[in-house]
Amino acid sequence: MDFGLKISRVSAPVLFLTAALLPGAGSGSGISGEVDAKGLARRIAQEKGRVVLVNFWATWCAPCRDEFPDLSRLQRKYESRGLRVLGVSTDLGSQMPAVEKLLADLKPSFPNYRKTTGGDDGQFIDAVDPSWGGELPFSVLYARDGKKARVLSGQHTFQQYEREILKLLK
Amino acid sequence: MRSVRTFLVLAGALALSGTLLAAGPQVGGAAPAFTLTTVDGKTFSLADAARTHKAVVVMFIATKCPYSNAYNDRMRDMAAAYEKRGIVFAGINSNKTEPAEEVIAHAKQHGFGFSLMKDPDNKVADLYDARHTPEIFVVDPDGKVRYHGRIDENYEEPAKVASPDLKNALDALLAGKPVAKAETKAFGCSIKRV
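All of the points below concern the structure found in this document. Quick caveat, the model's predicted, so the values are computed rather than measured. (Residues numbered from 1 in each chain as written. Chains lettered and ligands numbered in written order. Predicted model: local features only at pLDDT ≥ 70, side-chain atom pairs only at ≥ 80, totals over all residues. Heavy atoms only, no water.)

**A short note on the overall build of chain B**
Looking only at helices and strands, one finds seven helices and nine strands in chain B. The buried share of chain B, reckoned over its 194 residues, is 49%. Sequence separation of 24 or more characterises 75% of the internal contacts of chain B that already satisfy a separation of 6 or more. If you sum the accessible surface of chain B, you get close to 9400 Å²; carbon and sulfur atoms cover 59% of it. (Helix = DSSP H or I, 4+ residues; strand = E, 2+ residues; numbered from the N terminus. Buried < 20%, exposed > 50% of the residue type's maximum accessible area, 1.4 Å probe, protein only. Contact = heavy atoms within 4.5 Å. Areas by Shrake-Rupley, 256 points an atom, 1.4 Å probe, with all protein chains shown as cover.)

Following this line, the structure appears as C-alpha cells:
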C-alpha cells in the first residue's frame, strides 16, 4: 500500500494517476493502472455526473474477495442509471501476480487499479478519508457532483451497498 | 418534568463518560495498567516494566496482517537496538483469530527477541482503544503515554522511510527532550475482536 499524499481533511481526496492509467479504463481482468492519492481523485473526478463507489481491497483480505461478486453485480445492475464502481488494490508490489490472478479468476465488471508502491501510507489513507485506518475492505461513495457522500468500513452485503447507492442515484 | 430533565442530564453525563473511557489513553495521560502472561509463560506487568526501564514500547501486532508483517524486521531490529539502551519492547496480539501457538511460531520465524503475549478477549486492546496492527504506545517510567501511533509512514519500502516516528520518539525520550511528534495516525489491519 502506497499511501502517499498529504491532503487537507476538508478538501476532497487528491490522488494521482500515472501515465499508464487510461481514463475510464475498462472492466474485466487485469489492473488498469497505478494510482496514488492525486491520481485517484482525478479518476473519480472523471466520473462526475455518475455515482462512484471506490472499493479498496487486497488479495489477502477474505471479506474483500467475498464482496467482489456483489460489486460486479451492482455495477451491472446500476450502470445504466449512472453507477461506476472503481476497485483499488492495496497489495504490496510483490503481490502483483496474486492480484492479477484474482482479477483473472473473478473477472470483475468494473475497472481495478493498484495503489502505487511506497510513499507516505498514512497520508494516502488520510487523503481517502480521515476516518480510515487502512483496514479492509473500505469503500467510499461519491455523489453525482463528485462530493464524498458516505464511507463504508468493513464488509457489506449487496443490499447494504444497494441501499446507499440508491439514495444517491435518485 | 424536573425528574425527566435530571434523568436526561445524568444519562448524558454517563454517555459522555462512556465515550471518554472508550477513547483510550491520551498522550501525556496515564497508560492503563495491565498484566499479561507472555507466550513463554512469564508474567508481564506494564507497571513493573515501566518502573525498571527508560520506556516501554507497547506494540499491538499480528501474525497474518500484511501491514504488521511488513514491520517485522523493523520491530525486531529496533527492539534489539533500544533494549541495549534501556527501553523494553512488548508485543501484544489481541486478534481472536491468531492463537498462541501461531504467535510463537511467527516470532520464531522472524527472530523476535521481545516479549510477546496474547490478549485474551482483547481486554488490553479495549483499555487502550487500539484499533489496528501495528499500533504503538510508548510509556515512560511515570506510566504516562509519550507517543502513540505508527512505527513510520512507509510500510512497503523500509529503505525509503522519511518519517521514522517511533524511532524519533524514543531518541527524544533517551535525550530527555520532548517528543516533537507525539501522536501519529496508526494504520493497518483492524484488530479482530471477540
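**Thoughts on the interface of chain B and chain A**
Contacts between the two partners involve 15 residues from chain B and, on the opposite side, 24 residues from chain A. On the chain B side of the interface with chain A, the three residues burying the most area are B:Tyr67, B:Glu156 and B:Lys185, jointly 40% of the side's total. At the boundary of chain B with chain A, the tally comes to two salt bridges. The closest approach of N and O atoms between B:Lys185 and A:Asp126, which form a salt bridge, is 2.5 Å. Of all the secondary-structure elements, those providing two or more residues to the side of chain B that touches chain A are helix H3 (66-70) and strand S9 (189-190) of chain B. (Buried area = accessible area lost by both parts, 1.4 Å probe. Salt bridge = Lys/Arg side-chain N within 4 Å of Asp/Glu carboxyl O.)

**Some remarks on unusual backbone geometry**
The peptide bond linking A:Leu136 to A:Pro137 adopts the cis configuration, its omega dihedral lying at -10°. Secondary-structure assignment places A:Pro137 in the loop between helix H4 (121-128) and strand S6 (138-142). Following B:Thr133, the chain continues to B:Pro134 via a peptide bond in cis, the omega torsion being 0°. Note on placement: B:Pro134 falls in the loop between strand S6 (132-133) and strand S7 (135-139). Backbone geometry at A:Lys107 places phi at a positive 45°, although glycine is not the residue there.

**Digging into helix H5 (residues 100-110) of chain B**
Note on helix geometry: an α-helix contains 3.6 residues per turn, so any two residues three or four positions apart are oriented the same way. All names here are of chain B. Along H5, the residues classified as buried are Val103, His106, Ala107 and His110. Buried residues of H5 fall within an arc of 100° about the axis and therefore sit on the same side. In H5, the exposed residues that point more than 90 degrees away from the buried face are Glu101, Lys108 and Gln109. (Arc of directions from axis to C-beta.)

**A word on helix H3 (residues 96-106) of chain A**
All names here are of chain A. Within H3, the full set of buried residues consists of Val99, Leu102 and Leu103. All buried residues of H3 fall inside an arc of 95° around its axis, so they share one side. Exposed residues on H3 whose side chains face more than 90 degrees from its buried face are Pro97, Lys101 and Asp105. Those residues of H3 that are buried lie in contact with strand S3 (51-57), helix H2 (62-78), strand S4 (83-89) and strand S5 (112-115).

**As for the packing of aromatic side chains**
Under the counting rule described, the total for this entry stands at 14 aromatic pairs over all chains. With centroids separated by 6.4 Å and ring planes inclined at 85°, the aromatic side chains of A:Phe56 and A:Phe124 adopt a geometry described as edge-to-face. In this pair, A:Phe56 sits in strand S3 while A:Phe124 sits in helix H4, placing the two residues 68 residues apart along the sequence. When the ring of A:Trp132 is compared with that of A:Phe138, the centres are 4.8 Å apart and the planes differ by 10°; the resulting orientation is stacked. Judged by its relative accessible area of 0%, A:Trp132 is buried. Look at A:Phe138 and you get buried, because its relative accessible area is 1%. The structure contains a cluster of three or more aromatic residues connected by ring pairs, namely B:Phe34, B:Phe44, B:Phe60, B:Tyr128 and B:Phe137. The ring of A:Phe158 carries the charged tip of A:Arg73 above its face, separated from the ring centre by 3.7 Å. Over the ring of A:Phe124 we find A:Lys115; its NZ or CZ atom is 5.6 Å from the centre of that ring. (Phe/Tyr/Trp six-rings, centres within 6.5 Å; stacked < 30°, edge-to-face > 60°. Lys NZ or Arg CZ within 6 Å of the ring centre and 35° of its normal.)

**Quick look at the sheet that holds strand S4 (residues 87-93) of chain B**
All names here are of chain B. Overall, mixed pairing links the five strands, which are arranged S5-S4-S3-S7-S8 in an open sheet. Edge positions in the open sheet fall to strand S5 (115-118) and strand S8 (145-149), since each of these has one partner strand only. The average angle at which neighbouring strand axes cross in this sheet is 20°, direction not considered. Across four bridges, the pairing between S7 and S8 is antiparallel. Paired with Ile136 across the two strands is Gly149, which belongs to S8. Sitting on the sheet, helix H4 (residues 72-83) is in contact with strand S3 (55-60) and S4, with an inclination near 150° to S4. (Pairing = 2+ DSSP bridges. Axes fitted to C-alpha atoms, helices over the stretch in contact; angles between N-to-C directions.)

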